[in-house]
Amino acid sequence: MHLDRKKEEYKKLNNYLSEIFPLVQQCKIIFEFIWYALVLAIPVALFFICFFI
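Definitions and limits used
Residues numbered from 1 in each chain as written. Predicted model: local features only at pLDDT ≥ 70, side-chain atom pairs only at ≥ 80, totals over all residues. Heavy atoms only, no water. Phe/Tyr/Trp six-rings, centres within 6.5 Å; stacked < 30°, edge-to-face > 60°. Buried < 20%, exposed > 50% of the residue type's maximum accessible area, 1.4 Å probe, protein only.

A.B. asks: Can you break down the packing of aromatic side chains residue by residue, with the values?
C.D. replies: Applying the stated rule across the entire model yields four aromatic pairs. Centroid distance Phe-47 to Phe-48: 5.6 Å. Interplanar angle 70°. Geometry classified as edge-to-face. Judged by relative accessible area, which is 42%, Phe-48 ranks as partly exposed. Taking 5.1 Å as the distance between ring centres and 75° as the angle between the ring planes, the aromatic pair formed by Phe-51 and Phe-52 counts as edge-to-face. Taken together, the ring pairs in this structure connect Phe-47, Phe-48, Phe-51 and Phe-52 into an aromatic cluster.

Interpretation note: all reported values are geometric properties and have no functional meaning in isolation.
Printed below as a string of structure tokens:
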């Protein structure tokens, strides 16, 4: 229960800071896009490397 409250407070604070610093929000979006691209690309790349070697 206490952990949920901390998560909510963190999200509120994070949203507040993002409103103050739009550049931070843009950087977070770009980082998230790169992160998910890597999460999807690395297993595919490993599969092809293992399959073709």
